[in-house]
Amino acid sequence: MTATLDPPNPTTAHHLPEGTREIAFREALREAMSQEMRRDQRIFLMGEEVAQYNGAYKVSQGMLDEFGPKRIIDSPISENGFAGLAVGAAMYGLRPIIEFMSWSFSLVAADQLLNNVPKMLYMSGGQWGCPVTFRGNNGAGGQLGSTHSWTTEAIYSNIPGLKIAIPSCPADAKGLLTTAIRDDDPVFNLESERMLSDKGPVPEGEYTIPFGLAALRRGTWSGERDSDCTLVSFGRPVNFCIEAADELAKDGIVCDVLDMRTIRPLDIDSIIESLKRTNRIVVVDQCWPFASVASEVITQVCEKAFDYLDHQPLRVNTDDVPTPYAKNLEAEYLPHKGKIMAAVKTTLAGATA
């Protein structure tokens with residue numbers, strides 16, 4: 001599903017339905033899983049330490065008490081094993097939620113995730129789908145070193161048959177995960193450990209967000225004036241884009257900040273609608289630059305909206321090196337406000353007032 005944002009179709013803290021309250025990102029994830037498990041007895045949660053320990057990051061806290069050990073299941077330390085179990089369970093009619101303590105560890109299950117999960121419906125001629133939701137922490141978690149800081153969306157988004165959701169705030173954490181659990185296709189829900197304690201307004205009750213629909217986080221859609229540059233991002237870096245846009249606004253530079261929310265499917269229509277007004281685009285992506293999601297977004301922009309560009313598209317990625325351990329080096333390695341502001345100003349260099 002795609003939609004242009006003209007008129008805007010954002011879901012932000014200022015546009016949420018009535019009946020919201022402030023809860024943490026991890027609580028929003030838990031709420032989505034618990035509500036869906038009450039609704040559908042076929043759903044179960046499996047992963048390392050999700051049950052007895054209440055979750056390595058306390059996302060599943062209290063769920064064992066409510067749903068019992070047959071539906072909240074501690075797994076051995078074998079991602080390949082429990083990812084494979086999920087495929088078989090889904091083919092048999094269940095709807096597993098599989099938690100990876102880190103998406104870095106999902107690489108151990110590459111054969112299941114790349115060779116089985118996305119291809120099952122196709123290879124069985126439509127006889128068996130694979131409605132599994134895989135979720136967990138993605139990206140640099142804070143001084144975890146190179147092997148525990150993988151940003152996996154660039155790898156997994158290359159595979160047809162998968163849907164990939166990447167929430168940037170607690171409300172989207174609930175809405176996107178609920179949609180993922182209900183989807184009949186396999187969904188990878190990529191979360192950020194660095195955001196689990198972030199609080200924000202989240203709707204009570206059932207709350208879903210359609211896949212393939214971007215959200216406008218900053219910008220002017222009133223027609224009073226066009227924005228100066230389109231910022232496109234997803235996940236945690238959306239918040240860096242908002243910081244940059246707020247700082248640039250002090251100098252009279254107005255940016256549209258588009259939160260993609262899902263990259264498979266990608267709402268390219270909303271990106272183009274914004275670009276038609278701004279004529280400049282910066283894509284902010286926490287993947288490495290080579291063959292990144294940003295590379296794909298820019299390619300589609302050039303294919304579909306080249307004539308609207310007044311400056312070459314720019315991207316802000318993590319630096320093309322293994323993730324540093326040192327705190328100061330890790331912070332500089334990642335996309336941040338300073339890099340984003342510099343990229344926006346580069347697109348505006350030489351522009352007429």
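The structure under discussion appears in the preceding block.
Asks: Looking at this structure, how should I read the sheet that holds strand E14 (residues 314-316)?
Replies: Within a sheet, each strand pairs with its neighbour through backbone hydrogen bonds, oriented either parallel or antiparallel. The strand order across the open sheet built from five strands is E9-E11-E10-E13-E14, with neighbouring strands paired in mixed fashion. Of all strands in the sheet, those bounded by a partner on one side alone are strand E9 (215-218) and E14. Each strand axis lies, on average, 25 degrees off the axis of its neighbour in the sheet, ignoring direction. Of the strand pairs in this sheet, strand E10 (residues 229-233) and strand E11 (residues 255-259) are connected by five bridges, and their pairing is parallel. If you follow Leu 231 over to E11, its bridge partner there is Val 257. Across the face of the sheet, helix H12 (residues 337-348) comes into contact with E10, E11, strand E13 (281-284) and E14 while running at roughly 175 degrees to E14.

Asks: Looking at this structure, I do not really get unusual backbone geometry. What am I missing?
Replies: Note: most residues except glycine have negative phi, and most peptide bonds are trans. Cis geometry is adopted by the peptide bond preceding Pro 265, which originates at Arg 264 and carries an omega value of 5 degrees. Of note, Pro 265 is situated in the loop between strand E12 (262-264) and helix H9 (268-278). Here Asn 279, not a glycine, exhibits a phi torsion of approximately 65 degrees, which is positive. Along the chain, the position of Asn 279 falls in the loop between H9 and E13. When its relative accessible area of 18% is taken as the criterion, Asn 279 is described as buried. A positive phi angle is found at Ala 291, which is not glycine, with a value near 55 degrees. In this structure Ala 291 comes out as exposed when scored by relative accessible area, which is 54%.

Rules of the game
Residues numbered from 1 in each chain as written. Predicted model: local features only at pLDDT ≥ 70, side-chain atom pairs only at ≥ 80, totals over all residues. Heavy atoms only, no water. Pairing = 2+ DSSP bridges. Helix = DSSP H or I, 4+ residues; strand = E, 2+ residues; numbered from the N terminus. Axes fitted to C-alpha atoms, helices over the stretch in contact; angles between N-to-C directions. Contact = heavy atoms within 4.5 Å. Buried < 20%, exposed > 50% of the residue type's maximum accessible area, 1.4 Å probe, protein only.

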